[in-house]
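One-letter residues, chain by chain:
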Amino acid sequence: MSAELVNIGYIVAAALFIVGLRMLGSPATAVRGNTWSAWAMLIAIVVTLLDRQIITFEWIIGGAIVGAAIGWWAAKKVEMTSMPEMVALFNGSGGLSSLLVGWAALYEPNNTLFILITIALSILIGGVTFSGSFIAFAKLAEVMPGKAIVFGAQRLVNALILGGIVVSSVFLCLDPSVTSVWLYVLIGLSLLFGVMAVIPIGGADMPVVISLLNSYSGLAACAAGFAIHNNILIIAGALVGASGIILTQIMCKAMNRSLANVLFSGFGSVKTASKVEGEAKPITAEDAFLILESASSVTFVPGYGMAVAQAQHVVRELGELLEKNGAEVTYAIHPVAGRMPGHMNVLLAEANVPYDQLVEMDDINPRMSNIDVAVVIGANDVVNPAARNDENSPIYGMPIINVDHARTVFVLKRSMASGFSGVDNPLFFGENTRMLFGDAKQSIAGLVAEFKS
Amino acid sequence: MEAVFLAFVLMLSIFLGFELISKVPATLHTPLMSASNAISGITVVGALISAGNGISTVSTILGALAVVFAMINVVGGYMVTNRMLGMFKKKVDPNAKGGKA
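Residues numbered from 1 in each chain as written. Chains lettered and ligands numbered in written order. Predicted model: local features only at pLDDT ≥ 70, side-chain atom pairs only at ≥ 80, totals over all residues.

**Concerning helix 4 (residues 57-88) of chain B**
Side chains that are three or four residues apart share a direction in an α-helix, a result of its 3.6 residues per turn. For helix 4 of chain B, built from 32 residues, the straight-helix expectation of 46 Å at 1.5 Å per residue is met to within 8% by its first-to-last C-alpha distance of 47 Å. Burial within helix 4 of chain B is extensive, with 24 of its 32 residues counted as buried. (Helix = DSSP H or I, 4+ residues; strand = E, 2+ residues; numbered from the N terminus. Expected span 1.5 Å × (residues − 1). Buried ≥ 20, exposed ≤ 12 C-beta atoms within 10 Å, placed from the backbone.)

**Here's the deal with the environment of Gly378 of chain A**
Residue and element names in this part refer to chain A. Mapped onto the fold, Gly378 is located in the loop between strand 4 (373-377) and helix 16 (386-389). Along the chain, Gly378 and Glu85 lie 293 residues apart, while their C-alpha atoms are 19 Å from each other. If sequence neighbours within four positions are ignored, Gly378 has contacts with Pro302, Gly303, Tyr304, Gly305, Met306, Val308, Ala309, Leu412 and Ala440. (Contact = placed C-beta atoms within 7 Å.)

**Description of the pairing of strand 4 of chain A**
Residue and element names in this part refer to chain A. Burial analysis of strand 4 places five of its five residues in the buried class, the great majority of the element. With burial as the criterion, each face of strand 4 is covered, one bearing Val373, Val375 and Ile377 and the other bearing Ala374 and Val376. Strand direction decides the pairing type here: strand 1 (residues 297-302) and strand 4, joined by five bridges, are parallel. Counterpart to Val301 in the pairing with strand 4 is Val376. Summarising the sheet, strand 4 and strand 5 (residues 408-413) pair through five bridges and their orientation is parallel. Its bridge partner lying in strand 5, Ile377 is registered against Leu412. (Pairing = 2+ DSSP bridges.)

**Quick word on the interface of chain A and chain B**
Contacts between the two partners involve 99 residues from chain A, matched on the other side by 79 residues from chain B. The element best represented in the side of chain A that touches chain B is helix 9 (residues 231-254) of chain A, accounting for 16 residues.

**Remarks on the environment of Arg22 of chain A**
Its place among the elements puts Arg22 of chain A in helix 1 (residues 3-23). For the pair Arg22 of chain A and Ile125 of chain A, spaced 103 residues apart in sequence, the C-alpha to C-alpha distance is 26 Å.

**A word on unusual backbone geometry**
Residues and elements named next belong to chain A. Positioned with a positive phi, Gln310 is a non-glycine residue whose angle comes to about 55 degrees. Mapped onto the elements of the fold, Gln310 is located in the loop between helix 12 (304-309) and helix 13 (312-324). What makes Gln310 partly exposed here is the crowd of 16 C-beta atoms within 10 Å.

**Brief notes about the confidence of the model for chain A**
Averaged over every residue, the pLDDT of chain A is 88; the share at 70 or more is 95%. In this model, residues 267-271 of chain A is a region of pLDDT below 50 whose contacts with residues beyond four sequence positions or in other chains number 16 contacts. (pLDDT = per-residue confidence, 0-100.)

**Concerning the sheet that holds strand 5 of chain A**
Residue and element names in this part refer to chain A. Here six strands make up an open sheet; going across it, the order is 3-2-1-4-5-6 and the pairing parallel. At either margin of the open sheet sits one strand with a lone partner, and together these are strand 3 (358-360) and strand 6 (433-437). On average, adjacent strands in this sheet sit at an angle of 25 degrees to one another, irrespective of strand direction. Here strand 1 pairs with strand 2 (residues 328-333) via four bridges, running parallel. If you follow Ser297 over to strand 2, its bridge partner there is Glu328. (Axes fitted to C-alpha atoms, helices over the stretch in contact; angles between N-to-C directions.)

**Description of the domain arrangement of chain A**
Residues and elements named next belong to chain A. On domain assignment, one finds that chain A holds domain 1 (1-77), domain 2 (84-270) and domain 3 (285-452). Averaged C-alpha coordinates put domain 1 and domain 2 at centres separated by 23 Å. In this complex, domain 1 contributes seven residues to the contact, which on the side of domain 2 involves six residues. A per-element tally of the side of domain 1 that touches domain 2 places helix 1 first, with five residues. Residues of the side of domain 1 that touches domain 2, tallied by class, amount to seven nonpolar, no polar and no charged. (Domains from an automatic or database assignment. Nonpolar A, V, L, I, M, F, W, Y, C, P; charged D, E, K, R; others polar.)

**Examining the packing of helix 2 (residues 29-39) of chain B against helix 4 of chain B**
Residues and elements named next belong to chain B. Two elements in contact, helix 2 and helix 4, have axes whose closest approach is 8 Å; the angle formed by their N-to-C orientations is 160 degrees. Accordingly, the angle class assigned to the pair helix 2 and helix 4 is roughly antiparallel. At the point where helix 2 passes helix 4, the crossing takes the left-handed sense. Contacts between helix 2 and helix 4 involve Thr30, Pro31, Ser34, Ala35, Asn37 and Ala38 from the first element and Asn73, Val74, Gly77, Tyr78, Val80, Thr81, Met84 and Leu85 from the second. Looking at side-chain class alone, the contact of helix 2 with helix 4 contains eight nonpolar, six polar and no charged residues. (Parallel < 35°, antiparallel > 145°, perpendicular 65-115°, else oblique. Left-handed = near helix turned anticlockwise from the far one by under 90°.)

**Considerations on the confidence of the model for chain B**
All names here are of chain B. Of all residues in chain B, 86% attain a pLDDT of 70 or more, and the chain-wide mean is 84. Here residues 92-101 is modelled with pLDDT under 50, and outside its nearest four sequence neighbours on either side it reaches eight contacts, counting other chains as well. For this predicted complex, the interface confidence reaches an ipTM of 0.87, while the overall pTM sits at 0.86.

Okay, structure coming up:
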């Protein structure tokens with residue numbers, strides 16, 4: 001197949017990617033959008049295979065079968081609650097691929113300086129995406145502690161690594177040999193930089209990190225596209241890069257923080273919040289049931305704890321019982337609840353919660369004072385009134401769901417430990433707050449049992 | 001000159017990306033992210049070329065590894081997105097406990 005035909009194939013693929021992404025923007029067309037984009041990928045792969053540049057197929061077929069099998073298996077097996085980890089792993093995998101493509105492009109004879117620069121870039125961005133995503137995975141899967149890891153000389157160390165990356169890239173471009181020691185230095189430092197970039201970011205900021213890494217993986221593909229003069233890589237990579245950046249911005253705005261603030265200051269490391277003193281008032285399942293039974297409006301506020309406890313199904317069951325009992329039931333979702341953008345929406349959709357019962361923060365807050373009972377399930381920072389009242393709190397200024405304005409608040413919690421951010425929550429000591437201690441799933445199941453008896 | 005042309009394509013694509021994504025409802029943020037994650041697996045095209053152009057044994061092996069990782073990204077990404085989107089559909093599931101209110 002001639003180069004012209006291949007490029008025409010790429011144009012078709014690019015158009016399908018664009019239409020697919022557009023369709024992903026509306027719930028009615030999203031499934032088709034994803035299918036179209038998958039077709040685009042298939043077309044891009046097939047026309048590439050027909051390209052005259054490709055002369056041997058054994059390695060391609062072997063690699064494609066192995067990769068597709070692993071991806072298929074992982075996607076089938078993953079629990080909906082561990083979706084953020086899985087997306088992080090897939091993302092890292094794409095980054096590593098871009099690194100390898102950049103590396104392999106170095107074997108091409110007669111690379112121009114411009115191409116060498118883009119090769120260095122694809123190794124750098126690909127490496128950062130890979131190791132950064134891997135650390136994000138480890139934090140989300142709780143293989144390593146989710147808290148921000150901050151140490152004194154962090155900025156200095158990062159500056160040195162960055163300097164090393166620049167120096168090794170320059171030397172690699174000046175002497176583009178595949179045996180150059182600078183190549184390995186660049187790969188090593190890029191991987192190290194990805195690790196250093198993600199460890200100071202706390203668990204609660206993960207939605208931002210995941211979106212940002214997603215953007216990087218697109219940019220890595222873009223750089224690889226320049227390195228091998230391939231416009232489909234540039235177009236698709238740029239689309240992903242842009243979409244990742246937009247999601248990152250939305251997440252930052254939802255936390256009222258700048259991107260720089262999220263990236264460079266570990267949550268809670270800057271200021272110490274005023275200590276909150278008070279006594280939490282525990283409540284038993286029976287008493288909670290009596291209050292819920294007489295409530296005419298109930299709103300659930302889910303957080304990461306609901307995902308951990310796998311409580312989404314019993315929550316939906318309780319919601320249905322409350323509705324049958326005549327209460328108006330809503331689910332209030334904070335934009336950064338959970339560990340990735342839209343995490344709670346996916347879980348509640350999995351549990352068959354009707355779409356129209358999900359409300360966003362800005363819609364629920366004005367009518368919060370008319371809500372009889374707000375049930376907080378494993379959410380903490382996103383309902384912390386300190387964000388409104390305590391100027392010294394690290395989360396001050398972050399928009400929250402004002403559950404403390406509801407007539408009664410139930411907080412389902414395992415213990416009195418503070419949230420991922422490590423910030424105390426005055427909500428727990430509020431006049432109208434009752435704590436329902438225990439595993440969220442069991443607590444809710446207990447309430448469901450009360451309703452049924 | 002080709003570099004300038006590619007940079008031009010890049011610039012247009014970035015603007016297009018911003019236009020496409022800027023008004024997606026919060027509900028779809030996860031599927032959108034996971035779909036765009038799958039699209040970033042487009043680097044598979046580069047990987048195929050590196051694995052198949054036969055420049056040297058090492059570059060072929062690097063390319064083949066790149067194919068493996070890119071395929072994980074592509075296949076896993078699209079399938080996971082599809083699974084998630086399937087949940088947003090109003091479905092009649094006989095196995096689901098309790099009916100819809």
